[in-house]
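# Understanding the architecture of this molecule
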Amino acid sequence: MATDTKDIARPVEAAAVMGLLPVRPRLLALGEPTHGEEALLGLRNELFRQLVEEEGYRTIAIESDCLAGLIVDDYVTSGTGTLDQVMEHGFSHGWGAFAANRELVRWIRAHNARADAEGRPASERLRFAGFDGPLEITHAASPRQALTALHRHLAAHVDVGLLPCDAEALDHLLGDDGRWTEPAAMTDPSRSVGRSAEADRLRLLADDLVALLEEQTPHLIAAASREEWERARLYGRAATGLLRYHQRMADASPDRLARLTGRRDSMMAGNLLALADRGPVFVHAHNAHLQRSRSRMRMGGRPLEWWSAGALVSARLGQEYAFVATALGTIRHRGVGVPPPDTLEGLLYALPRDRCLVDARRLAAALGDAPPAPRVSPWFGYSPLDPAQLADGEGVVFLRDVPQG
């Protein structure tokens, strides 16, 4: 078994990743088993550069707020704002503080500036997208930004009589944004505004606005541009997704947390499917959001299960969605030591490479009917791979040791 494992280990390069895939995917997803490690973000950057230069990829999408990501995209495509401003306001979840993310934005902007100087077409520009909902660990955003931006776009281009409400009515129903972002609502459904009469009315209005956007597609593209129409569709997805998320925050049933995690990944999937039309797109997020199997975790003392964004997208795109997981050996600064030899990570740790790419399905076949024991992490922030789900992805990137910093 060890010989077979060595035989299927390859260098971590874009060409090797593409060699694992039966067709060129519209979405190529690279997962990570933990957040906040610069080494993983640096590896992502390296692969993206190779995909751009060797495989014609033009968009990267990361696990960050889809609306905030528009700030980054505006900067890398047209130079709007400054790099410092973009890193402060263009990312959620604290991602703007990471050096590798700053380097990614700087590199994309430099690439696009060169393309513009050389007179290359707009299709040669690189794009950035966040594909997460406007959500944080402590709260969900107010739907104000998304709803008002969608309404503003429609009001500028369609007959006022077609709109389901005016801007003043929308503002009145939204009220104080603090009602929506109340941190206590994350754990106490009675503190959520999500099932108030105003929220119910806003869900109906958001649905009507999105329907109007779709009905007026030919006119809106002609009156403005496809780019503005696509951005309006993003506002519509964010608005309806947030309002449904807030509704589920107000749910006091035992399944509340599972419904919230499922709603978040459904929002992610909607954004990824929209980006796939732009394809090909390189996607980076936690393994749990990108895998094809049902995701599982414990939260609030309860086991949760939900369909990940990757599972939802794969069901729609088939082979045009590809998933490569990342597995790790040690994260010593987090208390994660050498993996036991009878685990999947232990088998990979025995390879004579600091990092490698493995064909997931060939590895699963080599391991046979008795997969390795699941690894148990001593640190809550790291999720080892489930050996039983190995063959659900195309590949596994393995990093032997993750350094601090």
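See the structure shown above.
On a predicted model such as this, the values are computed, not experimentally measured, just so you know.

Cut-offs applied
- Residues numbered from 1 in each chain as written.
- Predicted model: local features only at pLDDT ≥ 70, side-chain atom pairs only at ≥ 80, totals over all residues.
- Heavy atoms only, no water.
- Axes fitted to C-alpha atoms, helices over the stretch in contact; angles between N-to-C directions.
- Helix = DSSP H or I, 4+ residues; strand = E, 2+ residues; numbered from the N terminus.
- Parallel < 35°, antiparallel > 145°, perpendicular 65-115°, else oblique.
- Left-handed = near helix turned anticlockwise from the far one by under 90°.
- Contact = heavy atoms within 4.5 Å.
- Salt bridge = Lys/Arg side-chain N within 4 Å of Asp/Glu carboxyl O.
- Pairing = 2+ DSSP bridges.
- Buried < 20%, exposed > 50% of the residue type's maximum accessible area, 1.4 Å probe, protein only.
- Lys, Arg positive; Asp, Glu negative; His and termini not counted.
- Core = buried A, V, L, I, M, F, W, Y, C linked by side-chain atoms within 4.5 Å.
- Polar contact = N/O pair within 3.5 Å; in protein donor to acceptor, adjacent residues only side chain to side chain.
- Phe/Tyr/Trp six-rings, centres within 6.5 Å; stacked < 30°, edge-to-face > 60°.
- Lys NZ or Arg CZ within 6 Å of the ring centre and 35° of its normal.

With that settled, consider the packing of helix 3 (residues 38–55) against helix 6 (residues 99–117). The contact between helix 3 and helix 6 brings their axes to 8 Å, and the two run at 20 degrees. In terms of orientation, helix 3 lies roughly parallel with respect to helix 6. Crossing of helix 3 over helix 6 shows right-handed handedness. Contacts between helix 3 and helix 6 involve E38, L41, G42, R44, N45, F48, R49, V52 and E53 from the first element and A99, A100, N101, E103, L104, W107, I108 and H111 from the second.

Moving on, we get to the pattern of salt bridges. In the structure shown here, the tally under the stated rule is 27 salt bridges. Linking E305 and R296 is a salt bridge whose minimum nitrogen-to-oxygen distance equals 3.1 Å. Connected via shared salt-bridge partners are R26, D277 and E320.

Moving on: the sheet that holds strand 2 (residues 27–32). Spatially, the 8 strands line up as an open sheet ordered 1-9-10-8-2-5-3-4, and their pairing is mixed. One side of each edge strand has no neighbouring strand; the edge strands of this open sheet are strand 1 (9–10) and strand 4 (127–132). Relative to strand 8 (residues 321–330), strand 2 runs parallel, the two being bridged by 4 bridges. Its bridge partner being in strand 8, L28 is matched across the sheet by A322.

So, on to the side chain of R256. Position of R256 among the secondary structure elements: in helix 13 (residues 256–276). Nearest to the buried, unbridged R256 among oppositely charged side chains is D251, at 6.6 Å. R256 has contacts with A185, M186, T187, D188, P189, R248, M249 and D251, leaving out every residue within four places of it along the chain.

Another point: the nonpolar core. Counting residues in each nonpolar core, the largest one holds 47 residues, and the members touching the most others are L28, F48, V105 and F282. When sequence neighbours within four positions are dropped, the list of residues in contact with V105 reads V72, Y75, V76, L83, V86, M87 and F91. Judged by nonpolar contacts, the second largest core, of 37 residues, contains A29, A129, L344 and C356.

Position of T77 relative to the elements: it lies in helix 4 (residues 69–78). Taking the relative accessible area as the measure of exposure, T77 reaches 12% and is therefore buried. Reaching out from T77, the side chain makes a polar contact with the backbone oxygen of D73 at a distance of 2.6 Å. Every residue in contact with T77, bar those within four places of it in the chain, is listed here: R109, N112, D116, R125, L126 and R127.

Turning our eyes to something else, we now look at unusual backbone geometry. Here G279 and P280 are connected by a cis peptide whose omega angle stands at -5 degrees. Considering the arrangement of structural elements, one finds P280 in the loop between helix 13 and strand 5 (281–286). In this structure, H93 takes a positive phi of about 60 degrees despite not being glycine. Along the chain, the position of H93 falls in the loop between helix 5 (83–89) and helix 6. For H93, a relative accessible area of 26% corresponds to the partly exposed category.

So, about the packing of aromatic side chains. Aromatic ring pairs are reported here in terms of the distance separating the ring centres and the angle at which the planes meet. Counted according to the given criterion, the structure contains 5 aromatic pairs. Aromatic pair F91 and F128: ring centres 5.6 Å apart, planes at 65 degrees, arrangement edge-to-face. Highlighted residues: F91 in the loop between helix 5 and helix 6 and F128 in strand 4, separated in sequence by 37 residues. Pair check on accessibility: F91 and F128 agree, each one buried. Of the aromatic side chains, those joined through ring pairs into one cluster are F48, W107 and F282. It is R400 that lies over the ring of Y349; its NZ or CZ is 3.9 Å from the centre.

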